[in-house]
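# Structural overview for review
The chain contents come next:
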Amino acid sequence: MAKQRKHRRNPAKRRVRAGSPPGTLMVDPEAQRPRMQVLAYGPDQCVDQELSDLALLPKLIAAHPVTWVNVDGLGDAQVLQQLGEMFDLHRLALEDVVNAHQRAKAETYGDVQFIVLRMVNSADPLDTEQFSLFLGKNFVLTFQERPGDCLDPVRTRIRETGPRLRSSGPDYLAYALLDATVDGYFPVLERYGDVIEEIESEILHHPKQSVVHRLHELKQDLTTLRRYLWPLREMLSTLSREESPTVSAATQVYLRDCHDHSVQLLELLESFRELATSLMDLYHSSLSQRMNEVIKVLTMISTVFIPLSFIAGIYGMNFDPAASPWSMPELGWRWGYPMALGIMTVVVVYLLFYFRRKGWLGGGDIAPIAKRDQPRGH
């Protein structure tokens, strides 16, 4: 049974009424309630707990060099406002967090760096969500639309004693989160590569009408990913080159590596889009070839039966040879019927031999696409 694709979010749909004051927080009524997790750490200690009371957060921040607060769910405007006041977040940035259709970008509001991008979760069907990140002097605050992400490797590194992450500042943590989010695209694109290989094999051997629908969905997903990756590459390029009060020069070196990963993703994505287009052309070419093969067989069958119909038509006129010397004398022969069948057999054998010698019937130089496209020597 084919998997039902999720309904795509309309990027033009906004919940804030036109003319509303800047920074208005209008949450999605269907959004999940916020669930907060805190990872506060230093070189020698780490606190990992779920946060149910925001009043405990200032003590954790004051007691640790770096504090990462992750919020899953954007369904409570009051909680978002409290976090904004606690971390001195700009209301325009909070509005972008709630309106989860933002283009990947990085903006600076005083001593706080705001970064937003798309996080991809799966490829079948394509599932993404907005990932928002605030970077301050001693904290990293992240927002996700729902639980579940690709950041568990970062959490594991924080919980372990000794990794570079535990002895670095919040800017390095922000880099690690961005790097994990960008690298999360690679498995998704690899699965799309496998899908392309499956579709190619199906087109070459057993093309079906369903291939067109699968190729359309594939191209639609790749176009969506391209729309996410192009601004992501620009944003990472800006972060890795421009000076920022929250990102050190040492961390910018790592951000340049993250930017290189985004370039690799775009190159891989573009190659997949070209392959998807060429597969559509290959599908139509395969259909045309199969149709030509069918027409060729039908033409040969018709060609074989034309002389047979001619002979049968002549001997089916039944003119009485006794009535006229010009009538068919073969009608009175003892071996007339076997002779007519013999002539028909000779004609069929001769035509089949002629077709095969010309390469029109087996053994010719016209091979199926699957065999014709193989390199010589295989």
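Further up the page is the structure itself.
Conventions adopted
- Residues numbered from 1 in each chain as written.
- Predicted model: local features only at pLDDT ≥ 70, side-chain atom pairs only at ≥ 80, totals over all residues.
- Heavy atoms only, no water.
- Helix = DSSP H or I, 4+ residues; strand = E, 2+ residues; numbered from the N terminus.
- Buried < 20%, exposed > 50% of the residue type's maximum accessible area, 1.4 Å probe, protein only.
- Areas by Shrake-Rupley, 256 points an atom, 1.4 Å probe, with all protein chains shown as cover.
- Pairing = 2+ DSSP bridges.
- Axes fitted to C-alpha atoms, helices over the stretch in contact; angles between N-to-C directions.
- Contact = heavy atoms within 4.5 Å.
- Nonpolar A, V, L, I, M, F, W, Y, C, P; charged D, E, K, R; others polar.
- Phe/Tyr/Trp six-rings, centres within 6.5 Å; stacked < 30°, edge-to-face > 60°.
- Lys NZ or Arg CZ within 6 Å of the ring centre and 35° of its normal.
- Parallel < 35°, antiparallel > 145°, perpendicular 65-115°, else oblique.
- Patch = residues over 30% accessible without salt bridge, like charges linked within 9 Å, V, L, I, M, F, W, Y side chains within 5 Å.
- Salt bridge = Lys/Arg side-chain N within 4 Å of Asp/Glu carboxyl O.
- Lys, Arg positive; Asp, Glu negative; His and termini not counted.
- Charge placed at Lys NZ, Arg CZ, Asp CG, Glu CD.
- Arc of directions from axis to C-beta.
- Polar contact = N/O pair within 3.5 Å; in protein donor to acceptor, adjacent residues only side chain to side chain.

### Description of the overall build of the chain
If you tally the helices and strands in the chain, you get 10 helices and 7 strands. A burial count over the chain gives 42% of its 378 residues as buried. Of the roughly 21500 Å² that the chain leaves accessible, carbon and sulfur atoms contribute 55%.

### Observations concerning the sheet that holds strand E3 (residues 66–72)
Sheet architecture is open: 7 strands sit in the order E2-E1-E3-E7-E6-E5-E4, paired in mixed fashion. The two strands at the open ends of the sheet, each matched to only one other strand, are strand E2 (46–51) and strand E4 (105–109). With strand direction ignored, the average angle separating the axes of adjacent strands in the sheet is 20 degrees. Looking at chain direction, E3 and strand E7 (residues 139–144) are connected through 6 bridges and run parallel. Following the sheet pairing, Val71 is matched in E7 by Phe143. In this fold helix H4 (residues 152–159) packs onto strand E1 (35–41), E2, E3 and E7, with an angle of close to 40 degrees to the strand it touches most, E1. Docked against the sheet, helix H7 (residues 210–241) engages E4, strand E5 (112–123) and strand E6 (126–135), running at close to 150 degrees with respect to E5.

### Things to note about the packing of H4 against helix H5 (residues 170–183)
The contact between H4 and H5 brings their axes to 9 Å, and the two run at 145 degrees. Across the interface between the two elements, Val154, Arg157 and Ile158 of H4 pack against Tyr172, Leu173, Ala176, Leu177 and Ala180 of H5. Considered class by class, the residues forming the contact of H4 with H5 number 7 nonpolar, no polar and 1 charged.

### Considerations on the packing of aromatic side chains
The geometry of an aromatic ring pair is captured by the separation of the ring centres together with the interplanar angle, meaning the angle of the planes. Summed over the entire model, instances satisfying the criterion amount to 8 aromatic pairs. Aromatic side chains Tyr350 and Tyr354 sit 6.4 Å apart centroid to centroid with 25 degrees between the ring planes, which places their arrangement in the stacked category. One end of the pair is Tyr350 and the other is Tyr354, both in helix H9 (residues 336–357) and 4 residues apart, which spans about a single turn. Looking at Tyr350, the relative accessible area reads 53%, which means it is exposed. Under the relative-accessibility criterion, Tyr354 is labelled partly exposed at 34%. Stacked on the ring of Tyr228, the Lys or Arg Arg118 has its end atom at 5.3 Å from the ring centre.

### What to know about the environment of Arg157
Assignment of secondary structure puts Arg157 in helix H4. The spatial distance from the C-alpha of Arg157 to the C-alpha of Ala176 is 9.9 Å, given a sequence separation of 19 residues.

### Quick notes on the packing of H5 against helix H6 (residues 185–205)
In contact at an axis separation of 4 Å, H5 and H6 are set at 5 degrees when each is read in the N-to-C sense. Comparing their axes, H6 and H5 come out roughly parallel. Each of Thr181, Val182 and Asp183 in H5 lies in contact with H6, whose residues at this interface are Tyr185, Phe186 and Pro187. Considering only residue class, the contact of H5 with H6 consists of 4 nonpolar, 1 polar and 1 charged.

### Considering a negative patch on the surface
Taken together, Glu190, Asp194, Glu197 and Glu200 make up a surface patch of like negative charges. Positionally, Glu190 belongs in helix H6. Taking the relative accessible area as the measure of exposure, Glu190 reaches 52% and is therefore exposed.

### A short note on the pairing of E1
Counting buried positions along E1 yields 5 of 7 residues, so the element is predominantly enclosed. Pairing geometry for E1 and E3, over 7 bridges, is antiparallel. For Leu39, the partnering residue across the bridge sits in E3 and is Trp68. Strand direction decides the pairing type here: E1 and E2, joined by 6 bridges, are antiparallel.

### Observations concerning a nonpolar patch on the surface
The grouping of Met291, Val294, Ile295, Val297, Leu298, Ile301 and Phe305 at the surface amounts to a nonpolar patch, some 640 Å² of accessible area in total. With respect to the helices and strands, the residue Ile295 is situated in helix H8 (residues 249–315).

### Some remarks on the pattern of salt bridges
Counting across every chain of the model gives 15 salt bridges. Between Arg159 and Asp48 there is a salt bridge, with the nearest N and O atoms lying 2.6 Å from each other. One end of the pair, Arg159, is in helix H4; the other, Asp48, is in strand E2, with 111 residues separating them in the sequence. Here Asp48 falls in the partly exposed class, since its relative accessible area comes to 35%. Across the salt bridge formed by Arg146 and Asp127, the nearest N and O atoms sit 2.6 Å from each other. Of this pair, Arg146 sits in the loop between E7 and H4 while Asp127 is found in strand E6, placing the two residues 19 residues apart along the sequence. On the basis of relative accessible area, Asp127 is assigned to the buried category, the value being 14%.

### So, H4
Within H4, the full set of buried residues consists of Val154, Arg155 and Ile158. For H4, the buried positions fall inside an angular range of 100 degrees around the axis, keeping them on one side. In this structure, the buried side of H4 is in contact with E1, E2, E3, E7 and H5.

### As for the side chain of Asp72
Residue position: Asp72 is located in strand E3. Although Asp72 lies buried, it forms no salt bridge, and the closest oppositely charged side chain, Arg155, sits 5.4 Å away as judged by the N-O distance. A distance of 3.0 Å separates the side chain of Asp72 from the side chain of Asn70, its partner in a polar contact.

Don't take any of this as a statement about function, it's just geometry.
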